[in-house]
Number of protein chains: 2
Amino acid sequence: MTTSREIRLKSRPAGVPTPDNFELATVNLPDPAPGEVQVRNTWMTVDPYMRGRMNDVQSYVPPFQIGEALQGGAVGEVVASNDPAFKAGDAVQSFFGWREAFNAPAAAVQTLDTHGLPPQAFLGVAGMPGLTAYVGLLKIAALKDGDVVFVSAAAGAVGQVVCQIAKLKGHTVIASAGGADKVDYLKSLGVDHVIDYKAEPDLTAALMRAAPTGIDVYFENVGGAHLEAALMAARPFGRFALCGMISQYNATDMGAGVRGLIMAVGKSLRLEGFIVSNHFDKQAEFVRDMSGWIASGQVKARETVEQGIENAPTAFLKLFKGENLGKMLVKLS
Amino acid sequence: MTTSREIRLKSRPAGVPTPDNFELATVNLPDPAPGEVQVRNTWMTVDPYMRGRMNDVQSYVPPFQIGEALQGGAVGEVVASNDPAFKAGDAVQSFFGWREAFNAPAAAVQTLDTHGLPPQAFLGVAGMPGLTAYVGLLKIAALKDGDVVFVSAAAGAVGQVVCQIAKLKGHTVIASAGGADKVDYLKSLGVDHVIDYKAEPDLTAALMRAAPTGIDVYFENVGGAHLEAALMAARPFGRFALCGMISQYNATDMGAGVRGLIMAVGKSLRLEGFIVSNHFDKQAEFVRDMSGWIASGQVKARETVEQGIENAPTAFLKLFKGENLGKMLVKLS
């Protein structure tokens, strides 16, 4: 018998989430039943997509339920096992984030082979955000020689990986991020042009200056003015990988709309949305490539870390204020 | 020596074109020089895309020049030839529309093999608009078994062909058009559900009623509220062929924007613009299929005809008022 603290959804956010939408609860964990393991999480992830699950609407994942613990990626260590597949001390990953510890059927957790990387890398550059970047850039946007690449939210968990994959493949990369720290970070990665969108009165004009001959690929994480700028700057046959639109996640109505979509006709643009879970067929190829790129120093990854389960809501809320540099994580033990 | 009347661009339209933007002029045509033919046009086409060429902006085709005759598709008959490739009486097609007759190098006109169809069919169902429908539906939207298809401007030159190809391939087709005549026409083609968008206060709601389980393919000719409705009604992995956005062609600013694009992320939608001239590789296959479909009665085509070169501007202006049923043509002789 042990205890675990967890974060539950207390109420559904209307617009921008607040701390009041979350509650911290303590639960008792019995010893694991036959076929179960008990895991203590060392790290958990907060990701923008979780905002959508806080609404009571059907989407590609079911909504979170009020009064229940939230869910998400986590890495941890088996502390007790009642299943022959695991033993105490095994490193594992699971979807039982937002809690310090849990019991679960052995089949619901996966052994984590870290390939020598820190385990939390599998919540970021070597995990879902990294695979998202890889699939979006190489498969959805179908990156090809000579493409000029524009990335929004470029200093975020996914954006930082997109920038680095595009650079290591020899492309000109234009990144957008908000604030001097992020601009400096992206320059340190070798990004060719960094736009501080918070300092630009006209994002389209800024992108046109950074890419005077236009862009071929746009990796979309933001929506709104960023998408409009990309439509204006796109060259014929440009491809947009629509990964997310964080500017829209807290909207309470349909908003102002995106202007300039008619550009997609005259310039034969392709805009394609994707969900990483539909592309797990690329997982093995991704792990092989990414572990090599990390080992060679071609891909680095920054993290912003909050300490303790009680600060997980704070970490999540910071995503929507742009207060994360690289992957936002919560260290649990 | 003969004379020809032609329509010139008198001034660039600001917003919706008016008759004042056009002027009728008469030119003298000498006998054709060596290597030239003289052609008398029997039919010319007016198409919405021509509006874009009236603006002084670079696009996929260069702008029309003030004081010069407009250009566009035409079919006609050789009246005199000074080149061995043609003789008087030959049926030809060319891009020298908007004029009654012209002299041109023989290489600038093409012999028209009508396959037994009326020659003006090659300005519509068997010509560029037909190929646009064919390429957009089958190649860009990648129509596949079971797809539910939504078509806007469905009673227009392109839309009527899209509806019929989708029907003959066994699909459920939902069409949008404005007014009872168009609705009746589309029903006569076997379209499953016709939305009279002018009579619907909420186009999205109307589409949801017509397609309660959603749509898979959207053939986009209109933009604006039609595109928003399609985004809302789309099923996962829906494909949108962006052929045109006639609601935007006369806009003098960026307009209101399209809301709901975030749907493209969660539903993994693909929106792809295209220009038919990039897909002439499909021409032979199109002619083979379409001539068969017309011969078997599976594809029919309606025309709206204005008489005489002096009424060509009127025909063009009617496109933007939705006053054409099927292909809008001008009969010249």
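Residues numbered from 1 in each chain as written. Chains lettered and ligands numbered in written order. Predicted model: local features only at pLDDT ≥ 70, side-chain atom pairs only at ≥ 80, totals over all residues.

## Looking at the overall build of chain A
Short version of the rule: Helix numbers and strand numbers start at the N terminus; a helix is a DSSP run of H or I with at least 4 residues, a strand a run of E with at least 2. To get the radius of gyration, use the C-alpha atoms; to get the globule rule, take the number of residues to the power 0.38 and multiply by 2.2 Å. Neighbour counting defines burial: a residue surrounded by 20 or more other C-beta atoms within 10 Å of its own C-beta is buried, one with 12 or fewer is exposed, and intermediate counts give partly exposed, using backbone-placed C-beta atoms. Contacts here follow a simple rule: the backbone-placed C-beta atoms of the two residues must lie within 7 Å.
When you go through chain A residue by residue, the secondary structure sums to nine helices and 15 strands. In terms of overall size, chain A behaves like a compact globule, its C-alpha atoms giving a radius of gyration of 20 Å where 333 residues would be expected to give roughly 20 Å. Taking the principal axes of its C-alpha atoms as reference, chain A extends roughly 65 × 45 × 35 Å. Split into buried and exposed, the 333 residues of chain A put 50% on the buried side. Contacts spanning at least 24 positions in sequence make up 67% of the contacts within chain A whose residues lie at least 6 apart.

## Brief notes about the relation of the copies chain B and chain A
Cut-off, in case you're wondering: Least squares is the method used to superpose the copies, on C-alpha atoms of residues holding a pLDDT of at least 70 in both.
With an RMSD of 0.0 Å, the fit of chain B onto chain A corresponds to turning through 180 degrees and sliding 0.0 Å along the axis. Between the two chains, the operation in question is that of a two-fold axis. When each C-alpha of chain B is compared by its distance to the rotation axis, G257 of chain B comes out closest, at 2.1 Å. A share of 100% of the interface residues of chain B reappears at the interface of chain A, consistent with the copies meeting face to face through the same patch.

## Thoughts on the sheet that holds strand β12 (residues 234-242) of chain A
Note the following rule: When DSSP finds at least two bridges between two strands, those strands are taken to pair. Axis geometry follows a simple rule: fit a line to the C-alpha atoms, using only the stretch in contact for helices, then measure angles between N-to-C directions, giving values from 0 to 180 degrees.
Spatial strand order, β10(A)-β9(A)-β8(A)-β11(A)-β12(A)-β13(A)-β13(B)-β12(B)-β11(B)-β8(B)-β9(B)-β10(B): twelve strands in an open sheet with mixed pairing. Strand pairing shows two members of the sheet lacking a second neighbour, β10 (193-196) of chain A together with β10 (193-196) of chain B, which therefore form its edges. Averaged over neighbouring strand pairs, the angle between their axes works out to 15 degrees when direction is ignored. Of the strand pairs in this sheet, strand β8 (residues 148-151) of chain B and strand β9 (residues 172-177) of chain B are connected by four bridges, and their pairing is parallel. Residue pairing in the sheet places V149 of chain B in a bridge with V173 of chain B of β9 of chain B. Of the strands in this sheet, β8, β9 and β10 of chain B touch helix α5 (residues 203-210) of chain B, which is tilted by about 170 degrees from β10 of chain B.

## Comments concerning the interface of chain B and chain A
Inclusion rule: Asp, Glu, Lys and Arg are counted as charged, while Ala, Val, Leu, Ile, Met, Phe, Trp, Tyr, Cys and Pro are counted as nonpolar; the rest, among them Gly, fall into the polar class.
On the side of chain A, 30 residues touch chain B, which itself brings 30 residues to the contact. Every element with two or more residues in the side of chain B that touches chain A is listed here: α7 (263-266) and β13 (270-273) of chain B. Ranked by residue count, the leading element in the side of chain B that touches chain A is β13 of chain B, at four residues. Here the residues of the side of chain B that touches chain A sort into 15 nonpolar, eleven polar and four charged. Pairing of strand β13 (residues 270-273) of chain A with β13 of chain B involves three bridges; the strand directions are antiparallel. Bridge assignment links R270 of chain A to a residue of β13 of chain B, and that residue is E272 of chain B.

## Describing the packing of helix α2 (residues 128-140) of chain A against helix α3 (residues 159-168) of chain A
Residues and elements named next belong to chain A. Threshold: Relative orientations are named as follows: roughly parallel for angles under 35 degrees, roughly antiparallel for angles over 145 degrees, roughly perpendicular for angles from 65 to 115 degrees, and oblique for any other angle. For a crossing to be left-handed, the near helix must be turned anticlockwise from the far one by less than a right angle; the clockwise case is right-handed.
Packing of α2 against α3 leaves a shortest axis separation of 8 Å and a crossing angle of 50 degrees. Taken together, the axes of α2 and α3 lie oblique to each other. As α2 runs across α3, the sense of the crossing is right-handed. Two secondary-structure elements touch here, α2 through P129, G130, A133, Y134, G136 and L137 and α3 through V161, V162, I165 and A166.

## A few points about the confidence of the model for chain A
The cut-off we apply is this: Scored between 0 and 100, pLDDT is the confidence that the predictor attaches to each residue.
For chain A, per-residue confidence averages 96 on the pLDDT scale, and residues scoring 70 or more make up 100% of the total. As scored by the predictor, the complex reaches a pTM of 0.94 and an ipTM of 0.94.

## So, the nonpolar core
Rule in force here: Residues of type Ala, Val, Leu, Ile, Met, Phe, Trp, Tyr and Cys that are buried and joined through C-beta atoms within 7 Å form what is called a nonpolar core.
With 220 residues, the main nonpolar core has L137 of chain A together with L137 of chain B as its most contacted residues. Look past the residues within four positions of L137 of chain A in its chain and what remains in contact with it is L143, V162, I165, A166, F219 and A241 of chain A.

## What to know about the environment of D31 of chain A
Counting through the fold element by element, D31 of chain A comes out in the loop between β2 (22-29) and β3 (36-45). If we skip the residues at most four places from it in the chain, D31 of chain A touches M1 and A80 of chain A.

## A short note on helix α6 (residues 225-233) of chain B
Most of α6 of chain B sits inside the fold, with seven of its nine residues counted as buried. When α6 of chain B is considered as a whole, its buried residues turn out to be H226, L227, E228, A229, A230, L231 and A233 of chain B.

## So, the environment of I140 of chain B
Residue and element names in this part refer to chain B. When you line up the elements, I140 lands in helix α2 (residues 128-140). It is 8.1 Å that separates the C-alpha atoms of I140 and G273, two residues lying 133 residues apart in sequence. Setting aside residues up to four positions removed in sequence, I140 forms contacts with V135, A241, E272 and F274.

## Looking at the packing of α2 of chain A against helix α8 (residues 283-295) of chain A
Residues and elements named next belong to chain A. It is the contact of α2 with α8, at a shortest axis distance of 10 Å, that shows an interaxial angle of 100 degrees. The angle between the axes of α2 and α8 places the two elements in the roughly perpendicular class. Facing G130, L131 and Y134 of α2, the residues of α8 in contact are Q283, F286 and M290. Considered class by class, the residues forming the contact of α2 with α8 number four nonpolar, two polar and no charged.

## A word on the domain arrangement of chain A
Residues and elements named next belong to chain A. The cut-off we apply is this: What counts as a domain boundary in this text is fixed by an automatic or database domain assignment.
Parsing chain A into structural domains produces domain 1 (2-124 + 301-331) and domain 2 (128-278). Here domain 1 and domain 2 have C-alpha centroids that lie 29 Å from each other. Across the boundary between the two partners, domain 1 contributes 19 residues, which contact 17 residues of domain 2. Looking at the side of domain 1 that touches domain 2, the elements with two or more residues in it are α1 (50-53) and β15 (327-331). Across the side of domain 1 that touches domain 2, the residue classes tally to nine nonpolar, seven polar and three charged.

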